[in-house]
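# Chains, contacts and geometry: an overview
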There are 2 protein chains.
Amino acid sequence: MRMKCTISYDGHLFYGYQVQPGQRTVQDELEKALKTLHKTKERIPVVSSGRTDSGVHAVGQTIHFDSPLSIPEAKWPYALNALLPDDVAVTTAEVVDDQFHARFSAKKKEYRYMIYKGRHLNVFKRHYAYHVPYELDLKMVEKAAQHLVGTHDFTSFCTAKTEVKDKVRTVYELEWSETEDGLQMRIVGSGFLYNMVRIITGTLLDVGTGKFSPDDIEKMLAAKNRDAAGRTAPAHGLYLWNVIYDN
Amino acid sequence: MRMKCTISYDGHLFYGYQVQPGQRTVQDELEKALKTLHKTKERIPVVSSGRTDSGVHAVGQTIHFDSPLSIPEAKWPYALNALLPDDVAVTTAEVVDDQFHARFSAKKKEYRYMIYKGRHLNVFKRHYAYHVPYELDLKMVEKAAQHLVGTHDFTSFCTAKTEVKDKVRTVYELEWSETEDGLQMRIVGSGFLYNMVRIITGTLLDVGTGKFSPDDIEKMLAAKNRDAAGRTAPAHGLYLWNVIYDN
């Protein structure tokens, strides 16, 4: 039976999602819990929609795995959460067709980036939002963001060492909004290259401070060179919010 | 010069506010930072409005200390935050009269207690709200809360080992409200006995599940015995929100 689960994790004590020898990772915790639940010594591989980096959070990461256990759908989160550490949680579970694949069936992904604007450090958000105490021109940020919406070659907006050849991606939505004590960036795309959301955030923040103008974004895209774009915003403000499948 | 500061701390990695040999405490971090700032080997004593227990958070704890340094008021938070760990922050500072005393000048204190009502654990709130996934009758909780407002002997609502003799306190306000994903209790009082807010919260939650009726609160107060009241809610949902002085 193939199970599709939505999971949430606090990235700050993890060395990212994907198994890395000698490091604490989300995938490793999930596979350990499944092993215990299945009373087996064999690995039960967990496939995610894609890795997330060290420090990056997830509200709605999606995974799949195959299990012979006949646990009712609604009981799966309880069964796994009882075995998981308290910084990973399974929030939904459903039986899916064997053709479903957490990575290859994904159509869109939504990320959010949280910014705290208070003057002094907010101790409760130190791992959960990027502290930006300086002035930002939100109108300029929004104007610049519109240049990124659509289908583009995002070579300038991913880490130079990115190995994937095709760097054309589609950004469907890119919105900034004010929150109670800061800002939130919401981005929906067909897929994201390595560090792409963090470089987009950092570059748009650079527009907000006046370092770049909104029109510079077009030149950055055309340059197809990481050095043309702005800085990479830190990991701890970033959340994989939702993975969207066909149904 | 006497300085009054508002400080905020994330209680989860602290063994409470007050200095305890061999333990990490908020007071100890503050006094270490002041020592470094004053380039002295002598202790600069920090006086707070009162201790908070291990795991309890503060949004608006108030402290005072005396300093010969002539730093402008607005610069004090920056000077201290640069020396403090990232789970304590000074948010305001002002020069006050030498008669001001963080503890003895305090007129009222406000605490808040945060409850998360989602079905499964919220990984981002595991240290910051109490997870109550079961049904609560908020009408009954609010009815019970009204019996606690006013001036009462709170012997039943403090830890049995509390040494202070006079257990009469005044609760000015006690409100429950719904939040985006849970509940918040707000309590304002003349002062609070050891564990008093946590026992009030735990007892009111016991009313919410039907273990006690709202009218049982009067019997509990009359009993003047800790065993008469309900359980102690956990520390990690509790916040010292504000300390109120005369001006």
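Being a predicted model, the structure only gives us computed values, none of them experimental.

### Some points on the environment of Ala106(A)
All names here are of chain A. Within the element layout of this structure, alanine 106 appears in the loop between strand 4 (88-96) and strand 5 (108-116). Remark: the alpha-carbon pair of alanine 106 and lysine 219, spanning 113 residues in sequence, is separated by 31 Å. Those residues in contact with alanine 106 that sit more than four places away from it in its chain are His101, Val243, Ile244 and Tyr245.

### With respect to the pattern of salt bridges
Under the defined criterion, the tally for this structure stands at 34 salt bridges over all chains. Its salt-bridge partner being Lys125(A), residue Asp181(A) comes within 2.7 Å of it at the nearest N-O pair. With Asp181(A) in the loop between strand 8 (168-178) and strand 9 (182-189) and Lys125(A) in the loop between strand 5 and strand 6 (130-131), this pair connects stretches of sequence that are 56 residues apart. Here Asp181(A) falls in the partly exposed class, since its relative accessible area comes to 25%. Measuring nitrogen to oxygen at the nearest pair gives 3.1 Å for the salt bridge that ties Arg186(B) to Glu110(B). Pair noted here: Arg186(B) is in strand 9 (residues 182-189) and Glu110(B) is in strand 5 (residues 108-116), with a separation of 76 residues, a long-range link.

### Comments concerning the relation of the copies chain A and chain B
You can overlay chain A on chain B at an RMSD of 0.0 Å; the transform is a turn of 180° with a shift of 0.0 Å along its axis. On this basis, the relationship between the two copies can be described by a two-fold rotation axis. In terms of proximity to the rotation axis, the leading residue of chain A is Phe124(A), whose C-alpha is 5.1 Å off the axis. With an isologous cut-off of 70% or more, the 100% of interface residues of chain A that recur at the interface of chain B puts this contact in the isologous class.

### Topic: the packing of aromatic side chains
This model, assessed by the stated rule, comprises 18 aromatic pairs over all chains. With centroids separated by 5.4 Å and ring planes inclined at 90°, the aromatic side chains of Tyr111(A) and Phe192(A) adopt a geometry described as edge-to-face. Of this pair, Tyr111(A) sits in strand 5 while Phe192(A) sits in the loop between strand 9 and helix 4 (196-208); the two residues are 81 residues apart in sequence, bridging distant segments of the chain. We classify Tyr111(A) as buried; its relative accessible area is 8%. In this structure an aromatic cluster arises from ring pairing among Phe124(A), Tyr128(B), Tyr239(B) and Trp241(B).

### Here's the deal with the domain arrangement of chain A
Residues and elements named next belong to chain A. Each assigned domain of chain A is listed with its residue range as follows: domain 1 (2-96) and domain 2 (108-244). Computed over C-alpha atoms, the centres of domain 1 and domain 2 are 27 Å apart. Contact residues are listed per partner, giving 16 residues for domain 1 and 15 residues for domain 2. When the area that domain 1 buries against domain 2 is broken down by residue, the three leading residues are Asp53, His57 and Val59, summing to 40%. At the boundary of domain 1 and domain 2, one finds one salt bridge. Here aspartate 53 and arginine 198 are joined by a salt bridge, their closest N and O atoms 3.8 Å apart. Viewed at the interface, domain 2 and domain 1 are joined by ten residue pairs in polar contact (both at pLDDT 80 or more). For the side of domain 1 that touches domain 2, the class distribution of residues is three nonpolar, ten polar and three charged.

Conventions and cut-offs
- Residues numbered from 1 in each chain as written.
- Chains lettered and ligands numbered in written order.
- Predicted model: local features only at pLDDT ≥ 70, side-chain atom pairs only at ≥ 80, totals over all residues.
- Heavy atoms only, no water.
- Helix = DSSP H or I, 4+ residues; strand = E, 2+ residues; numbered from the N terminus.
- Contact = heavy atoms within 4.5 Å.
- Salt bridge = Lys/Arg side-chain N within 4 Å of Asp/Glu carboxyl O.
- Buried < 20%, exposed > 50% of the residue type's maximum accessible area, 1.4 Å probe, protein only.
- Least-squares fit on C-alpha atoms with pLDDT ≥ 70 in both.
- Phe/Tyr/Trp six-rings, centres within 6.5 Å; stacked < 30°, edge-to-face > 60°.
- Domains from an automatic or database assignment.
- Buried area = accessible area lost by both parts, 1.4 Å probe.
- Polar contact = N/O pair within 3.5 Å; in protein donor to acceptor, adjacent residues only side chain to side chain.
- Nonpolar A, V, L, I, M, F, W, Y, C, P; charged D, E, K, R; others polar.

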